[in-house]
Amino acid sequence: MDRIVIGHIEQEMTVPTPDMDLDQKLFVQVDQAKCTGCCICMEYCPTAAIYGETGLAHTIVHPEPCLHCGMCLTHCPQGAFHEKFSWLPEVEKRLEDSSQIMIAMPAPSIRYTLGEAFGLPPGRNLQEKMLAAIARLGFDHCWDTEFAADVTIWEEGGEFLHKLKNGMALPLLSSCCPSWVRYMETFQPALVDLCSTVKSPIAINGRLAKTYGAQRYGYDPENMYTVAIMPCLSKKYEALMPALENNGLRDIDAVLTVREFAWLLQKRNIDVNNMPHGIADTLMGESACGTLFGIGGGVMETLARYVHKALCGKELQNQATRRLDRASGIAELSFECCGQTLRMAAVRGADKFAAICEQILKGQSPWHFIEFMACPGGCINGGGQPLLPSLRNTVLLGRGSAQ
Ligand code: SF4
Ligand code: SF4
């Protein structure tokens with residue numbers, strides 16, 4: 001299968017389909033000829049899914065333990081990993097088809113990282129320029145995943161309050177990171193009953209687009225094509241899950257990473273730096289605090305604010321205690337609420353999952369809610385983001401070419 005280089009990563013142009021056996025698929029793989037056997041990928045792989053001896057070419061043999069997080073791919077100094085699937089050919093075709101209602105669904109973190117693919121320093125917020133670039137590409141609507149993140153918190157907050165008020169088993173475990181859910185189901189199935197039943201923001205977004213959005217605009221859902229723009233490789237896996245289908249229609253038709261989205265913009269000579277300010281869609285284009293989902297601890301923070309307001313009728317402000325333990329990778333937030341102390345935690349990095357899961361299973365978890373994010377620091381450092389400049393330079397030097 002032919003490959004192209006996108007954002008310094010080699011990518012096969014195989015379009016994935018929902019009928020493929022997800023359990024047997026790898027979304028990243030190693031090129032044996034490029035791998036020098038430095039073992040750096042093994043340090044970043046949280047589940048020891050990569051095999052190989054020092055100095056010899058490595059490989060991922062079994063799909064089962066791989067969380068599809070892509071940390072191996074974004075940290076390999078040789079650029080020896082490649083992505084196996086891309087919806088780009090299909091998205092390009094649909095953008096040219098005037099019968100299609102094209103819906104863009106950008107993740108919270110991508111407005112802060114897209115600029116890196118256009119030479120801007122990390123952290124620049126390109127919200128309005130991103131909206132204009134999406135419209136220039138030919139999308140009919142941008143129904144923002146930040147809006148859907150707000151919906152996630154209404155639902156998850158309600159679930160939390162129900163469990164708390166009825167003395168049901170806690171902690172409630174977050175459900176929005178597909179790599180975490182895959183880890184839990186594979187390695188810690190005894191915890192499944194503690195996990196939130198709420199869908200992730202993109203799953204909610206896709207379904208809302210083809211129901212609520214379709215009704216409001218009078219669209220036939222059959223003609224709608226939803227494209228989630230994500231910081232994440234694992235969201236490609238999530239989008240293909242059998243459960244994300246309703247009456248034969250996929251909730252999410254395609255997922256593009258930030259790298260792929262930037263490549264598409266560049267191919268069409270759309271320089272995001274020079275875009276005018278776009279305007280958010282009035283239907284599902286605005287959000288109260290969904291943007292916080294883009295960083296580790298953001299789900300915990302928004303849930304804490306929701307719960308405090310619901311129980312005490314007041315905003316959660318400086319009365320909360322926040323603490324980050326860098327050694328354990330745990331961020332904590334605690335606050336007094338109606339005579340009780342509520343404690344929440346955020347686990348930032350899949351290498352920390354095992355210890356926290358053990359603690360829960362032993363009944364020693366002090367927390368009422370735990371957010372789990374597979375990527376260190378959360379989605380802002382996801383496997384689909386532009387490569388860090390330091391690594392990008394190393395990969396380029398290794399290849400001896402620029403892209
Ligand atoms: Fe390991 Fe993640 Fe790479 Fe899979 S994608 S091999 S879990 S680092
Ligand atoms: Fe994807 Fe975010 Fe989970 Fe990383 S932390 S695997 S970017 S959802």
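As shown above, the structure is provided for reference.
Rules and cut-offs
Residues numbered from 1 in each chain as written. Chains lettered and ligands numbered in written order. Predicted model: local features only at pLDDT ≥ 70, side-chain atom pairs only at ≥ 80, totals over all residues. Heavy atoms only, no water. Pairing = 2+ DSSP bridges. Helix = DSSP H or I, 4+ residues; strand = E, 2+ residues; numbered from the N terminus. Axes fitted to C-alpha atoms, helices over the stretch in contact; angles between N-to-C directions. Contact = heavy atoms within 4.5 Å. Near = heavy atom within 4 Å. 1 Å grid on protein atoms, 1.4 Å probe; cavity = no way out; pocket = protein on both sides within 12 Å on 5 of 7 lines; lining within 4 Å. Sits in = over half its atoms within 2 Å of the grid points. Nonpolar A, V, L, I, M, F, W, Y, C, P; charged D, E, K, R; others polar. Points joined across faces, edges and corners; volume = space filled by probe spheres on them.

Asks: Quick question: what am I supposed to make of the sheet that holds strand β3 (residues 28–30) here?
Replies: One open sheet accounts for four strands, arranged β1-β2-β6-β3; its pairing is mixed. Since the sheet does not close on itself, it has two edges, and those belong to β1 (3–6) and β3, each with one partner. On average, adjacent strands in this sheet sit at an angle of 35° to one another, irrespective of strand direction. Two elements, strand β2 (residues 9–14) and strand β6 (residues 81–85), share three bridges in a ladder whose sense is parallel. The residue of β6 that forms the bridge with glutamate 10 is histidine 82. Packed on one face of the sheet, helix α10 (residues 258–267) meets β1, β2 and β6 and runs near 95° to β1.

Asks: Would you explain the site of ligand 2 in this entry?
Replies: Cys177, Pro178, Ser179, Cys232, Met373, Ala374, Cys375, Cys379 and Gly382 make up every residue found near ligand 2. The pocket occupied by ligand 2, as judged from atoms lying within 2 Å of grid points, is the largest cavity.

Asks: Explain the site of ligand 1 here, please?
Replies: In the vicinity of ligand 1, 13 residues are found, and the nearest of them are Cys45, Cys66, Cys69, Gly70 and Cys72. Among the residues making up the shell around ligand 1, the classes are represented as ten nonpolar, three polar and no charged.

Asks: Even after reading the chapter, I still don't get the layout of surface pockets, so can you show me in this structure?
Replies: A water-sized probe, rolled over the atoms, reveals where empty space remains. Counted as a void, the largest pocket has a volume near 480 Å³. In this structure, the largest pocket is lined by 22 residues; those nearest its centre are Ser175, Val181, Glu185, Ser196 and Val198. Elements represented by at least two residues in the lining of the largest pocket include exactly α6 (145–165) and α7 (178–187). The dominant element in the lining of the largest pocket, judged by the number of residues it contributes, is α7, at four residues. Here the residues of the lining of the largest pocket are counted per class, giving twelve nonpolar, four polar and six charged.

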